[in-house]
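# Chain and residue survey
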There are 2 protein chains.
Amino acid sequence: MQTDPSSPGFRTRFVLIQTSHAGNVGAAARALKVMGFDELVLVQPRWANVLRRQETIERASGANDVLDKARIVETLDEALEGMTHLCATAMTPRDFGPPTRAPREHFAQLAQTATPEAGAQGVAFLFGSERFGMRNEDVYRCHTCLSIPTNPAFGSLNLAAAVQLIAYEWRQALGGYAVQEATTPPVRADAPQVAGLLAHLEQALVAVDFLDPEAPKKLMPRLNALFNRAQLTQEEVHILRGVAKAMLQTASKASK
Amino acid sequence: MQTDPSSPGFRTRFVLIQTSHAGNVGAAARALKVMGFDELVLVQPRWANVLRRQETIERASGANDVLDKARIVETLDEALEGMTHLCATAMTPRDFGPPTRAPREHFAQLAQTATPEAGAQGVAFLFGSERFGMRNEDVYRCHTCLSIPTNPAFGSLNLAAAVQLIAYEWRQALGGYAVQEATTPPVRADAPQVAGLLAHLEQALVAVDFLDPEAPKKLMPRLNALFNRAQLTQEEVHILRGVAKAMLQTASKASK
């Protein structure tokens, strides 16, 4: 999963067609950038000045470079130069159209086509307007219809949310970004260390009169099971042995 | 991937802590619902009336039932009754804390724990405020820190976008929703059908004086390669043979 996300043989572009809400344009810019993409093209947006509107800039939340290099064009054709694989985010029209696929499975296959023989590829994701979606004529041009799997009773995905999910899935398919552990990985206690802790605790529990050595029932095996399930670290064994020691010392004082 | 999404042994809740923007609360409600979840709890939101604010309702875009049953509480504890597995959406604090995991891999493991022996489980996803994220004390309580893999140079994910991605990944891990093909799957042409088409086309190309039968070069093998790559359907073979037939008829008229 940790390949270099900048190197695969794909150029990626997000194309928003006839978008109505400036907020969605800003949120889309942010969604792209957060997944490491930067090509945004708007076809006939409702507002000619959408890239400079306050709501756009607020919702972009710092993705200004994506807005700065975004292009506004009149026709879908102008948005597609260099693009070799077009993904509609739409249902396939009922009569006819490209196959409908879930993003995850489609992207896994698509990413595998990044071979030297395949040459440079351009992948465009097309998003229709908030109200009407994509026109059938635009869908017919596409290689695939992407359908994000949603609640059958409520499939109303926000435009920017759809951009975010697609950008995320495509980035994952391209190798993704690594998740950095903030802390050093713990060192697990081994079985003898857990047994040593249990013996120490047993003494302490007897000393504080919680455990009756004549009738121990299943207390120690129960604690053993708990510690096994918790997968104790060595540090935790030290802490718990410290507790046992303090219990023994306190009990010793109490009995004087 | 097509198991019943309503049946796994998990109750799921989204907990937003000290959320500032009403729009994010509405968008979060929509994001949940679109992935088939409905439990939203707000801990100390900035606006006491956030569930009834105009911006909330607009951005919820029809997910009113989620807003209607959403709860507002004063403390995180009140938000967590019935929850047995807490996922912070936050970086692990530098000093100490639960392990940091990517949602996809963590959810795959978590979903596998839905066994009869495990009993009923409650999974809560905790989201901090837009400005300050989660408090360390709240993170320490969690079983896992989820880190959505993002652009190392711009990890600024919108709160509602994060809710959408987590809801999507968790739904996928729970079995997901099926993607419905809108059209019937195509019937591929078999090799003899493609060969029949090529023979028909060859005649037509000779008839319109495009192909010189004395010097055919590699035209027909090239068309064969193109058709193989395109994985022709039977319907397409019929269309192309119709074209060949029309070419032959026109050529026959032209030569009269």
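The text that follows walks through the structure, step by step, so that each part is easy to find.

Okay, the environment of A:Ala120 next. All names here are of chain A. Mapped onto the elements of the fold, Ala-120 is located in the loop between helix H5 (103–111) and strand E6 (121–127). Residue Ala-120 is classed as exposed on the basis of its C-beta count, with 10 C-beta atoms lying within 10 Å. Taking the C-alpha atoms as reference points, Ala-120 and Thr-84, separated by 36 residues in sequence, lie 8.9 Å from one another.

Residues and elements named next belong to chain B. Burial runs high along strand E1 (residues 10–17): seven of the eight residues are buried. Where E1 lies against strand E6 (residues 121–127), seven bridges are found, and the strand directions are parallel. If you follow Val-15 over to E6, its bridge partner there is Leu-126. Alignment of E1 against strand E2 (residues 40–43), held across four bridges, turns out to be parallel. Note that in E2 the partner of Val-15 across the bridge is Val-41. Remark: the E1/helix H1 (residues 22–34)/E2 crossover connection has right-handed handedness.

Residues and elements named next belong to chain B. The sheet built from seven strands is open, its strands ordered E3-E2-E1-E6-E4-E7-E5 with parallel pairing. Pairing within the sheet leaves two strands with one partner each, and these edge strands are strand E3 (71–73) and strand E5 (100–101). With three bridges joining them, strand E4 (residues 85–89) and strand E7 (residues 144–146) adopt parallel strand pairing. Pairing of Thr-89 across the sheet is with Leu-146, part of E7. Here helix H5 (residues 103–111) sits on the sheet and contacts E4, E5 and E7; the angle it forms with E7, its principal contact strand, is near 140°. Running at roughly 155° to E6, helix H7 (residues 159–173) makes contact with E1, E4, E6 and E7 of the sheet.

Facing the 40 residues of chain B at the interface are 40 residues of chain A. At the level of secondary structure, the elements contributing two or more residues to the side of chain B that touches chain A comprise H1, E5 and H7 of chain B. When residues of the side of chain B that touches chain A are assigned to their parent elements, the largest contribution, five residues, is made by H1(B). Tallied by class, the residues present in the side of chain B that touches chain A amount to 20 nonpolar, 15 polar and five charged.

We now examine the packing of H5(A) against helix H7 (residues 159–173) of chain A. Residue and element names in this part refer to chain A. Packing of H5 against H7 leaves a shortest axis separation of 9 Å and a crossing angle of 35°. For the pair H5 and H7, the crossing hand works out as right-handed. In contact with Pro-103, Arg-104, Phe-107, Ala-108, Leu-110 and Ala-111 of H5, H7 contributes Ile-166, Glu-169, Trp-170 and Ala-173. Split into classes, the residues belonging to the contact of H5 with H7 amount to eight nonpolar, no polar and two charged.

Right, let's talk about helix H1 (residues 22–34) of chain A for a bit. All names here are of chain A. With 13 residues, H1 should cover 18 Å at 1.5 Å per step; its first-to-last C-alpha distance of 19 Å lies within 8% of that length. Most of H1 is tucked away: 13 of the 13 residues are buried. With its phi angle positive at about 80°, Gly-36 sits one or two positions after the end of H1.

Rules of the game
Throughout, residues of each chain are indexed from 1 in the direction in which the sequence is written. The naming scheme follows written order: chains are lettered A onward, ligands numbered 1 onward. Local features in this predicted model are restricted to residues of pLDDT 70 or higher, and side-chain atom pairs are both shown and tallied only at a pLDDT of 80 or more, whereas totals for entire chains, interfaces and linings draw on every residue. Here a helix means four or more residues in a row that DSSP labels H or I, a strand means two or more in a row labelled E, and each is numbered from the N terminus. Neighbour density around each residue's C-beta defines its exposure: 20 or more other C-beta atoms within 10 Å make it buried, 12 or fewer make it exposed, and counts between make it partly exposed, where C-beta atoms are placed from the backbone. One requirement defines pairing of two strands: DSSP has to find at least two bridges between them. Handedness rule for crossovers: strands pointing away from the viewer, path from the first strand over the helix to the second running clockwise, crossover right-handed. By definition, residues are in contact whenever their C-beta atoms, placed on the basis of the backbone, come within 7 Å of each other. For helices, the fitted axis covers only the stretch in contact; all axes are lines through C-alpha atoms, and the angles between them, taken along N-to-C directions, range from 0 to 180 degrees. For this scheme, ten residues count as nonpolar: Ala, Val, Leu, Ile, Met, Phe, Trp, Tyr, Cys and Pro. Four count as charged, namely Asp, Glu, Lys and Arg, and the remainder, Gly too, count as polar. Each crossing gets its handedness from the near helix: less than a right angle anticlockwise from the far helix is left-handed, clockwise is right-handed. Helix span is expected to be 1.5 Å times the residue number reduced by one.

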